Amino acid sequence: MRLNYLFEVGILKNISIKIFLILLLYNLIPTTAYSEKVSFEQAQSFYGQEQYEKTFLALNSLLDTNNPEVFNLLGDLYYSGEFVDQNYGIAKDYYQKAINLDFAPAFIKIGVMHENGYFFDIDIDVANKYYLLAHDLGNSTGTYYFAVNLQFGAGVKQNINRSIEFYEEAIRRGNESAVIDLANLYVNEEFNILDYEKSYYLFKSLADKGVNDAQYNLGQMYEFGHFVNGNSKKAFDLYYLAHLGGFAPATYAIGELYYYGYPENKPNYELAWKYYQLAADFEYPPAFYSLAWMIDNEEGRERNSDEALEYYIKAADLGDASALNALGLIYSNIANGVFDVVKSREFYKKSYNLGDYFAPLNLAQSYNYYVNYAERNKELNLHKKNIKKDIIEARHWYSKAIEIGNYEGFYEYAETFSNEGDFESARNILIKGLKISQAPENPDYVMKTHLLSYLSGYYESQGYAEESLHVMKLAVEEVKNSTNFQPTHIAMTYRDYAASLNNNGFPIQALEYYKKSEQLLRDENEFELLALTLNGKAIVLSDLKKYEESINNFNLAFDAIRHFEDDVDQDLGMIHSNIVDPLLQLGRLDT
């Protein structure tokens, strides 16, 4: 991973008037400052001891040696603001003097300044040219930095194979960061070159030398069984070695092991909290998020919304995407004392920009008038008069969610079109989802059946009953032929198939599938879903003129829905409406 800072960052010292005058003199007229000229090695030693004033004076006494290392280290002082005021312009001038003498590290530093916009405008293409010049001079850091930018397509066309070549060259030149990044490349599914064996031996080569980053990553391979058999004890031992070296991700990983049940297959919240807190002491963002989560969910801690919020904010301030999404949820909930829909959306957007999986879908739903209850729409300031504008925004974020692989909003996305009568666009979105769900490298059968059910509903709403039944039959075949489905999902698929069978004139078969759905939902105590299944079953019985049985099933639906605590007014209204016909047929409507 690219280091965020190329140079050691020290504490900027206060400069008195007297020192300022000395600095001015030394900047204008190079001088020895010592009765005897010191060597560059002595100046370097001062720098390593953080004696920056002595470093500065010693280096100025060596300017007439025309030593590129002198120019480079003076550049570092101005770059980081050690003893002198930070000044990228002066740093650049000293680096340029070193570059004129073909000093490779100075090429790197000018490259970093171009890449990060220090003194220069951000220009990664120019930065890469400097990295390559350093590479040509045999510098491993230049080789490594260019490999990273090739991998991610930064300032140069992405080329994974060429990136690997540069990583391997940097490794031959002794660059340990290249070992870590190449190993991580081989375990990253995004780049389609998974090779856990290569990754394992790269990490192991440094872990055996006591490199904490490598010990942690090797521990990850043992924890998740990549190339090696899963072994939590081995993972723990490697994490602990890295933890002792002060490597925060390893400290956090130990907390995660305890949280998820190591070593006794049950959560140890006390030890999880301890290691999350130790990782937080290193300012490790996910640790603050996990501490907040434990408080929020009363896992070994009493619930304290204010304390949890503080931890979420701390994690968010450190750039944790999950914490930003959590803040979006907190600020979007009117039950919390900090409700603010504008802030909520700002948090979601920041979270999305950092790669969060859930944030774009949450954003989309916050703009989608159709998926919220009337009271919720009022809270979110969503009104029918603004619906066109809000729905356009919702669609934008649904598409962003789909781009990053969150497909849970496909139906809602399609519905934004169907609710406006644009069934063709809705159908096309669902078909796109079906294609994604059937991708040979990663098929998602659960998503496929959901979308088939929704597509069936669209065909039915447009009067294509046979097409609707055909699509639902495909969904039923999926759930029958797979073990990937939860009982509630199977029950809902059976229920939708039963409705389609009845609409196509097959009431007996419909009754059979309603009964299957009913039994599954009773076993799972899913009362609201059970009420809807019983409602459908009662409709079929009414169509079969079995009015008494129909009324009994409607009453069972009423009983089931009473167990459900959330808003069920819409469901109750539907059942009340449907029971009218059998009551009327038996002359009992008044009762």
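Predicted model only: the values in this text are computed from it and were never measured.

Quick word on the confidence of the model for the protein
Per-residue confidence for the protein gives a mean pLDDT of 90; residues scoring 70 or more make up 93%. The low-confidence segment residues 1-32, where pLDDT is below 50, has 56 contacts with residues more than four positions distant or belonging to other chains.

Quick word on the packing of helix α15 (residues 269-281) against helix α16 (residues 285-296)
Two elements in contact, α15 and α16, have axes separated by 8 Å at closest approach and are oriented at 145°. For the crossing formed where α15 meets α16, the hand is left-handed. Counted together, Y269, W273, Y276, Q277, A279 and A280 of α15 and A287, F288, S290, L291, M294 and I295 of α16 form the full contact between these two elements. Counted by class, the contact of α15 with α16 contains 10 nonpolar, 2 polar and no charged residues.

Side note on the packing of helix α27 (residues 487-503) against helix α29 (residues 527-543)
Two elements in contact, α27 and α29, have axes separated by 10 Å at closest approach and are oriented at 20°. When the axes of α27 and α29 are compared, the pair comes out roughly parallel. You can see that α27 and α29 cross each other, and the crossing is left-handed. Between α27 and α29, the contacting residues are T488, M492, R495 and N502 on the first element and L529, L532, T533, I539, V540 and D543 on the second. Of the residues assigned to the contact of α27 with α29, the class counts are 5 nonpolar, 3 polar and 2 charged.

A look at a nonpolar patch on the surface
A surface patch of nonpolar side chains, about 290 Å² in accessible area, is lined by Y240, L241 and L244. On the secondary structure map, Y240 appears in helix α13 (residues 232-244). For Y240, a relative accessible area of 32% gives the class partly exposed.

A word on the pattern of salt bridges
According to the stated counting rule, one finds 20 salt bridges in the structure shown. Between R303 and D296 there is a salt bridge, and its shortest N-O distance comes to 2.9 Å. We classify R303 as partly exposed; its relative accessible area is 45%. By relative accessible area, which is 21% here, D296 ends up partly exposed. In this structure, the salt-bridge partner of R376 is E379, at a minimum N-O distance of 3.1 Å.

Let's talk about unusual backbone geometry
In this model, Y262 is joined to P263 through a cis peptide bond whose omega is -5°. You can see P263 is positioned in the loop between α14 (248-259) and α15. One non-glycine residue, F119, lies in the positive phi region at around 75°. Within the fold, F119 resides in the loop between α6 (104-116) and α7 (124-136). The class for F119 is partly exposed, based on a relative accessible area of 48%. Of note in the backbone geometry, N192 takes a positive phi value of approximately 55° without being a glycine.

As for the environment of S232
As for its position among the elements, S232 is in helix α13. Distance in space between the C-alpha atoms of S232 and G219 is 8.5 Å, their sequence separation being 13 residues. In contact with S232, other than residues within four places in its own chain, are L257 and Y262.

What about helix α24 (residues 423-437)?
Quick reminder: α-helices carry 3.6 residues per turn. Residues three or four places apart thus point the same way. Between its first and last C-alpha, α24 extends 21 Å over 15 residues, near the 21 Å set by a 1.5 Å rise per residue. Looking at the packing, one finds that the buried side of α24 touches α23 (410-418) and α25 (445-461).

Reading the values: the criteria
Residues numbered from 1 in each chain as written. Predicted model: local features only at pLDDT ≥ 70, side-chain atom pairs only at ≥ 80, totals over all residues. Heavy atoms only, no water. pLDDT = per-residue confidence, 0-100. Contact = heavy atoms within 4.5 Å. Axes fitted to C-alpha atoms, helices over the stretch in contact; angles between N-to-C directions. Helix = DSSP H or I, 4+ residues; strand = E, 2+ residues; numbered from the N terminus. Left-handed = near helix turned anticlockwise from the far one by under 90°. Nonpolar A, V, L, I, M, F, W, Y, C, P; charged D, E, K, R; others polar. Parallel < 35°, antiparallel > 145°, perpendicular 65-115°, else oblique. Patch = residues over 30% accessible without salt bridge, like charges linked within 9 Å, V, L, I, M, F, W, Y side chains within 5 Å. Areas by Shrake-Rupley, 256 points an atom, 1.4 Å probe, with all protein chains shown as cover. Salt bridge = Lys/Arg side-chain N within 4 Å of Asp/Glu carboxyl O. Buried < 20%, exposed > 50% of the residue type's maximum accessible area, 1.4 Å probe, protein only. Expected span 1.5 Å × (residues − 1).

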